[in-house]
Amino acid sequence: MEYPGALTLVNGIESMRLDHLAERLGGTVIGDGSVVVSGIAPLADAGPGDLSLYVDPRYRHALRSTKAGALVTREPADEARVPQIVHPHPFVALAALVDLFHPVSPAKAGVDPRASVSPSARIAPDATVHAFACIGEKASVGARSVLHSGVFLGEGAFVGEDCVLWPHVVLRERVRLGNRVTIHAGAVLGADGFGFARKDGKFVKIRHVGIVLVEDDVEIGANATIDRGTLGRTLIRRGVKIDNLVHIAHNVEIGEDSAMAAQVGISGSTVIGKRVLMGGQVGLVDHLTVGNDAVLIAQSGVIGNVPEGATLSGYPARDHREVLKAAAEVRGLDRLKARVLKLEEEVRELREKTHLR
Amino acid sequence: MEYPGALTLVNGIESMRLDHLAERLGGTVIGDGSVVVSGIAPLADAGPGDLSLYVDPRYRHALRSTKAGALVTREPADEARVPQIVHPHPFVALAALVDLFHPVSPAKAGVDPRASVSPSARIAPDATVHAFACIGEKASVGARSVLHSGVFLGEGAFVGEDCVLWPHVVLRERVRLGNRVTIHAGAVLGADGFGFARKDGKFVKIRHVGIVLVEDDVEIGANATIDRGTLGRTLIRRGVKIDNLVHIAHNVEIGEDSAMAAQVGISGSTVIGKRVLMGGQVGLVDHLTVGNDAVLIAQSGVIGNVPEGATLSGYPARDHREVLKAAAEVRGLDRLKARVLKLEEEVRELREKTHLR
Amino acid sequence: MEYPGALTLVNGIESMRLDHLAERLGGTVIGDGSVVVSGIAPLADAGPGDLSLYVDPRYRHALRSTKAGALVTREPADEARVPQIVHPHPFVALAALVDLFHPVSPAKAGVDPRASVSPSARIAPDATVHAFACIGEKASVGARSVLHSGVFLGEGAFVGEDCVLWPHVVLRERVRLGNRVTIHAGAVLGADGFGFARKDGKFVKIRHVGIVLVEDDVEIGANATIDRGTLGRTLIRRGVKIDNLVHIAHNVEIGEDSAMAAQVGISGSTVIGKRVLMGGQVGLVDHLTVGNDAVLIAQSGVIGNVPEGATLSGYPARDHREVLKAAAEVRGLDRLKARVLKLEEEVRELREKTHLR
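Scope of this entry: the structure provided in the associated data block. From a predicted model like this one, the values you see are computed outputs, not experimental measurements.

### Digging into the overall build of chain A
Now for step 1: If you tally the helices and strands in chain A, you get five helices and 41 strands.
Now for step 2: Relative to the 2.2 N^0.38 estimate, which gives 21 Å for 357 residues, the radius of gyration of chain A is 28 Å and therefore markedly larger than a compact globule would have.
Now for step 3: When its C-alpha atoms are laid out on the principal axes, chain A stretches across 105 × 70 × 30 Å.
Now for step 4: In chain A, which comprises 357 residues, the proportion classed as buried is 58%.
Now for step 5: At a minimum sequence separation of 6, the contacts of chain A that also span at least 24 residues come to 17%.
Now for step 6: In the structure as shown, chain A presents an accessible area of about 14,300 Å², 52% of it carried by carbon and sulfur atoms.
Now for step 7: Each charge class in chain A was averaged separately, 41 positive and 42 negative side chains, and the resulting centres sit 7 Å apart.

Quick look at the structure:
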């Protein structure tokens, strides 16, 4: 039986007509909709049975040489001689295509006998706990969540439903995750914040007894670190995306749908608004506020509050256009110096002529 | 029995009179010292039974709305309508309060049967080794030290007394820790330094056979990395505090009571003095010396030796006040250009008037 | 039996005559070649039985006080009063000396019964798999490779011959390593790239189904992260050296014999040429190309393509000499302002004199 949008098996591989795919994705076909595709691949690697994505004009040169059987594009790509699905959100289409052609096999539920699970922990019957995971007292793992090998849940840590914790993820005591949270390998949530009292030139440790609270639909990158609050909580709100090796200090709060690229560092108690975007290696000092929809360009060093919607770069970070303008002016400094030198000569000549010197 | 400074149980919660607390902490009470508190919490979250800390004037607005039963402050906070403990070192007081209201339960001594312990390793009888820790040949763990799940000690690694190694900490062969060292989850001590000989455009590996030596009272952050010496040792002296994701290269030496915030990177053989403070994401090139009490502001890029007591910022890092002055001058460049333009016009006019042109 | 270049045991320690060593290393002896050495040590720590390396003139002061019995140098060091091996590549000599005086004991082959190994995995009989390693379905470990405690190989991951994976290294599904690859503790290869579609201000996850492909003779530092391709592969070519805490995003390609110091971050789909050198904390935005033999100085922020052989620094990164020149000009801005001020006064005077004002 075939119906629009269904995958069929062709030679054992899942395949689909382009017009059916377009209908399923919400796009429009240009060219022959009866073409059958059975995979997705980059422009350079794709074969006649593959769909490929073309969005970025920097890759226009690849359109002529690609062997892809069909394309997904935002706007019709005239250079390409293959059928296309034109889609207003081609990356959303890509996300759906990956799910279609590379479906996730469901994890086998159950607790591996080589895991260490406290008798007081609660593990949902359809959750998966792999070998060498270590689940502390009164910790909790929700329905369909998967804890890979070596995951550590401290006492009272809480994992919601449909979460995936990749190998060696550490949730220290009382850290809480919502639902559909993905944490990549090696990330550490709930280590002590870097808070010390200083007395007579020596540091006195302030133990951190707060928590980390992660809301629904958050993704956290490999080897990232999110410290627990000194007393209260470090808070990662719904939909936030955090890349690898990002550091988030004690008592920070990140607003909904914000995203931080790799190696960003956010200092203690700083509060980030909603839909804020940060490029890689951005740093923010402590106790700042960053307004909604702000954009911090890669490597910015932010030392003051950031207004809503601002785009900042450089160190100390300020308005990106001003930074570019200042950089251009600095590059023009030798010309300015030459003009001043010429003026000095002309003025000397004038002074001689007018007997001022 | 009650005596000044004792905790009593009120409804099952440990509680204490404010005047007794003040005596214990070494502070002075302002207002009603008979108030009883049973916890500590941030200004925004505190209830009538909680103490809260107020130091930073940026949070003055929170004084009016807080429901805290009492405050710890550095100077009397007149806006607050609750009793206060005024303390010369409020963060030192906070450290003591955390220890008082959130005492650490002692770890249960012993070696989990699911740990892998070499028969030649020496584990103090009152040390704790959790499941899936891996203790190599001739490694040593001192009294009352706690090795969490997945900790790895290579051959001959040495852990002193009262240390805490959180999950997945790796001490490679012969790395040595003093007493009261805390290492947060995922930190790696003793990986090979990044040292290669280059010949005909190719790299020749130099195996690193030195060690890492960590003295007493050091704290090392989550996922930090400290490489072993090429031949000699990488040395972290007494009292040093290292934040998450910091990188310390082979043969570096860090002086007593210095502190590095998150994501700092220190290149090979650089020597840091005592009580040096570094903000986040600071980088130093190799073979430098940094004098005692220097301050390196966040994101500084240090490419030369740093004198004692200097405060540096920017790239290449130089005196912070000069950096701020230069930044102001760059911002004023368009005004300077306008002045030069005006001069050019005036000089042209003068030259015409005096028949020079 | 003794022959040139052989190690002999002196008091149980391996020892060697200097002239025999020089012959073996390909260097020339200056001074008494009959001296016997039995170890290598830094200038400051070496004793009479030790060789030491002297290359960097910043350590000339240490030549007078060193107790080393002999030196390896690039050029004769007249200040030193000990025999020397002069070698055109002293660090190549050092690499050989470490191998000679600190030979690696061969790992004991076999799979520890406490490892978790899928029945469908293929482990070479002379490979070593330590306790708590976790080898997924159809994963493969080649001859003489060593997987330390807690290493994770996802489904279908492939490790070539003579590789060393230190504790807690994670290779996610289908990641492939060539031969002689060393990965330091905690590194994560094959986590999902940071790729999300954005729709109505919210992120839609794009699962990453590509791979990471690592060729022969690569070394990867502790807690580094290399993400898998979105669809295709992230590619690390032969001989590349990657330091600790480096981040390499999805679909990046690194050319042969390139090296990246600690905390470098490379964004998605950027292509790096051969023999490129990057200092610590360098960052590159996505979709760039960097030409062969380029040098990116520490902390550079690269936002455009880099030509072959260029040396860049600063943010936005540009020609290093221009950056230094611009920095000098910015430092001279107060002098330029003073010159403009003087001109303004002189012109005012001239205008008065000539009745223009």
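### Looking at empty space enclosed by the protein
Now for step 1: Under the definition given, this model contains eight cavities of 30 Å³ or more.
Now for step 2: One number sums up the size of the largest cavity: a volume of about 1,300 Å³.
Now for step 3: Around the largest cavity sit 41 residues that line it, and Tyr315(A), Gly314(B), Tyr315(B), Gly314(C) and Tyr315(C) are the ones nearest its centre.
Now for step 4: Elements with a contribution of two residues or more to the lining of the largest cavity: helix H4 (320–331) of chain A, helix H4 (320–331) of chain B together with helix H4 (320–331) of chain C.
Now for step 5: Within the lining of the largest cavity, the residues separate by chemical class into 21 nonpolar, 14 polar and six charged.

### Considerations on the side chain of Asn244(C)
Now for step 1: Inspection of the secondary structure assignment puts Asn244(C) in the loop between strand S29 (241–242) and strand S30 (247–248).
Now for step 2: Looking at Asn244(C), the relative accessible area reads 1%, which means it is buried.
Now for step 3: A distance of 2.8 Å separates the side chain of Asn244(C) from the side chain of Asp227(B), its partner in a polar contact.
Now for step 4: Separated by 3.3 Å, the side chains of Asn244(C) and His247(B) make a polar contact.

### Focus on the packing of aromatic side chains
Now for step 1: Throughout the structure, instances matching the rule amount to nine aromatic pairs over all chains.
Now for step 2: Both rings, one in Phe132(A) and one in Phe132(B), keep their centres 5.5 Å apart while their planes meet at 70 degrees; by these two values the pair is edge-to-face. Of this pair, Phe132(A) sits in the loop between strand S12 (128–129) and strand S13 (134–135) while Phe132(B) sits in the loop between strand S12 (128–129) and strand S13 (134–135), which puts the two residues in different chains. By the burial criterion, Phe132(A) is buried, and Phe132(B) matches it.
Now for step 3: Note on Phe132(A): relative accessible area 5%, which makes it buried.
Now for step 4: In textbook terms, an aromatic cluster arises when at least three aromatic residues are bridged by ring pairs, as seen for Phe132(A), Phe132(B) and Phe132(C).
Now for step 5: Here the guanidinium or amino end of Arg172(B) rests over the ring plane of Trp166(C), the centre of that ring lying 3.4 Å away.

### Description of the relation of the copies chain C and chain B
Now for step 1: Expressed as a screw operation, the relation of chain C to chain B combines 0.0 Å of axial shift with a rotation of 120 degrees, fitting to an RMSD of 0.1 Å. The operation mapping one copy onto its partner corresponds to a three-fold rotation axis.

### Some thoughts on unusual backbone geometry
Now for step 1: Backbone torsion omega between Tyr315(B) and Pro316(B) reads -15 degrees, so that peptide bond is classified as cis.
Now for step 2: By secondary structure assignment, the location of Pro316(B) is in the loop between strand S40 (311–313) and strand S41 (318–319).
Now for step 3: With a phi close to 70 degrees, Asn251(A) is a non-glycine residue in the positive phi region.
Now for step 4: Its location among the elements puts Asn251(A) in the loop between strand S30 (247–248) and strand S31 (253–254).
Now for step 5: Positive phi, normally seen in glycine, also occurs at Arg180(C), with a value near 55 degrees.
Now for step 6: Along the chain, Arg180(C) turns up in the loop between strand S20 (176–177) and strand S21 (182–183).

### Brief notes about the interface of chain B and chain A
Now for step 1: Listed as interface residues are 70 residues of chain B and, on the opposing side, 68 residues of chain A.
Now for step 2: Here chain B and chain A share an interface that buries about 5,400 Å² over both sides, 65% of which is from carbon and sulfur atoms.
Now for step 3: When the buried area of chain B at its contact with chain A is split by residue, Phe132(B), His168(B) and Gln299(B) rank highest and sum to 9% of it.
Now for step 4: Inspection of the chain B/chain A interface yields five salt bridges.
Now for step 5: Taking the shortest distance from any N to any O, the salt bridge between Glu219(B) and Lys205(A) comes out at 2.7 Å.
Now for step 6: For the interface between chain B and chain A, the tally reads 22 residue pairs in polar contact (both at pLDDT 80 or more).
Now for step 7: Listed by contribution, the elements that provide at least two residues to the side of chain B that touches chain A are helix H3 (90–101), strand S29 (241–242), strand S32 (259–260), H4 and helix H5 (333–353) of chain B.
Now for step 8: Broken down by element, the side of chain B that touches chain A gets its largest block of residues, eleven residues, from H5(B).
Now for step 9: Partitioning the side of chain B that touches chain A into residue classes produces 35 nonpolar, 18 polar and 17 charged.

### Quick word on the sheet that holds strand S10 (residues 116–117) of chain A
Residues and elements named next belong to chain A.
Now for step 1: With parallel pairing, ten strands are arranged side by side in an open sheet as S10-S13-S16-S19-S22-S27-S30-S33-S36-S39. At either end of the open sheet lies a strand with only one pairing partner, and these are S10 and strand S39 (301–302).
Now for step 2: Note that strand S16 (residues 152–153) and strand S19 (residues 170–171) share two bridges and pair parallel. Bridging across to S19, Leu153 finds its partner in Leu171.

### Topic: the pairing of strand S28 (residues 233–236) of chain A
Residue and element names in this part refer to chain A.
Now for step 1: Judged from the four bridges that link them, strand S25 (residues 211–214) and S28 form a sheet pairing that is parallel. Following the sheet pairing, Val212 is matched in S28 by Thr234.
Now for step 2: As defined by bridge partners, S28 adjoins S31 across two bridges and the pair is classed as parallel. Within the sheet, the bridge partner assigned to Ile236 lies in S31 and is Ile254.

### Thoughts on the interface of chain C and chain B
Now for step 1: Across the boundary between the two partners, chain C contributes 70 residues, which contact 68 residues of chain B.
Now for step 2: Taken over both partners, the interface formed by chain C and chain B buries close to 5,400 Å², and the fraction arising from carbon and sulfur atoms is 65%.
Now for step 3: Across the contact surface, chain C and chain B share five salt bridges.
Now for step 4: Taken together, the links from chain C to chain B amount to 21 residue pairs in polar contact (both at pLDDT 80 or more).
Now for step 5: Looking at the side of chain C that touches chain B, the element that brings in the most residues is helix H5 (residues 333–353) of chain C, giving eleven residues.
Now for step 6: Partitioned by chemical class, the residues of the side of chain C that touches chain B number 35 nonpolar, 18 polar and 17 charged.

### With respect to the sheet that holds S29(B)
Residue and element names in this part refer to chain B.
Now for step 1: If you trace the twelve strands from one edge of the open sheet to the other, you get S9-S12-S15-S18-S21-S26-S29-S32-S35-S38-S40-S41, paired in mixed fashion. In this open sheet, the two strands that pair with only one neighbour each are strand S9 (110–111) and S41.
Now for step 2: By the bridge criterion, two bridges tie S29 to S32 in an arrangement that is parallel. Directly across from Lys241, in S32, lies its bridge partner Ala259.

### Some thoughts on the environment of Ala70(A)
Residue and element names in this part refer to chain A.
Now for step 1: Take Ala70: it is sitting in strand S7 (residues 70–73).
Now for step 2: The sequence separation of Ala70 and Ile242 amounts to 172 residues, and the corresponding C-alpha distance is 33 Å.
Now for step 3: Not counting chain neighbours up to four residues away, the residues in contact with Ala70 comprise Leu18, Val37, Asp50, Leu51, Ser52, Val82 and Pro83.

Cut-offs used in this document
Along each chain, numbering runs from 1 in the same order as the chain's sequence is written. The naming scheme follows written order: chains are lettered A onward, ligands numbered 1 onward. Per-residue local features are limited, in this predicted model, to residues with pLDDT of at least 70; the limit for side-chain atom pairs, both in listing and counting, is 80 or more; totals at the level of whole chains, interfaces and linings are taken over all residues. By convention in this description, side-chain values take in all heavy atoms of the structure and omit both hydrogens and water. Per the convention used, a helix needs a DSSP run of H or I reaching at least four residues, while a strand needs a run of E reaching at least two, with both numbered from the N terminus. Here the globule rule reads 2.2 Å times residues to the power 0.38, and the radius of gyration is calculated from C-alpha atoms. Per-residue accessibility, obtained with a 1.4 Å probe over protein chains only, is compared with the maximum for each type, and a residue is labelled buried under 20%, exposed over 50%, and partly exposed between these values. Contact criterion: two residues are considered in contact whenever any of their non-hydrogen atoms come within 4.5 Å of each other. Only the protein chains shown count as covering a residue, and every accessible area follows the Shrake-Rupley method with a 1.4 Å probe. By the counting scheme adopted, Arg and Lys are positive, Glu and Asp are negative, and His together with the chain ends is not counted. Charge positions are represented by NZ for Lys, CZ for Arg, CG for Asp and CD for Glu. Lining residues are those with an atom within 4 Å of a point, where the points come from a 1 Å grid over the protein atoms alone and group into cavities, where a 1.4 Å probe fits but cannot get out, or pockets, open sets with protein on both sides within 12 Å along at least five of seven lines. Grid points are joined across faces, edges and corners, and a volume is the space filled by probe spheres set on the points. Under the convention adopted here, Pro, Cys and the residues Ala, Val, Leu, Ile, Met, Phe, Trp and Tyr are nonpolar, Asp, Glu, Lys and Arg are charged, and Gly plus all remaining residues are polar. Polar contact criterion, stated in full: a pair of N or O atoms within 3.5 Å, where within protein one must be able to donate a hydrogen and the other to accept it, and residues adjacent in sequence count only if both atoms are side-chain atoms. For this analysis, a ring pair means two rings from Phe, Tyr or Trp (six-membered ring only for Trp) whose centres lie within 6.5 Å, classed as stacked if their planes differ by under 30 degrees, edge-to-face if by over 60, and tilted for the remaining angles. Note on criteria: charge over ring means Lys NZ or Arg CZ within 6 Å of the ring centre, with the direction from the centre no more than 35 degrees off the ring normal. Overlaid copies result from least-squares superposition on C-alpha atoms, with residues included only where pLDDT is at least 70 in both. When two parts are put together, the accessible area they lose, computed with a 1.4 Å probe and summed over both, is reported as buried area. We define a salt bridge as a contact between a side-chain nitrogen of Lys or Arg and a carboxyl oxygen of Asp or Glu at a distance within 4 Å. We treat two strands as partners when DSSP finds at least two bridges between them.

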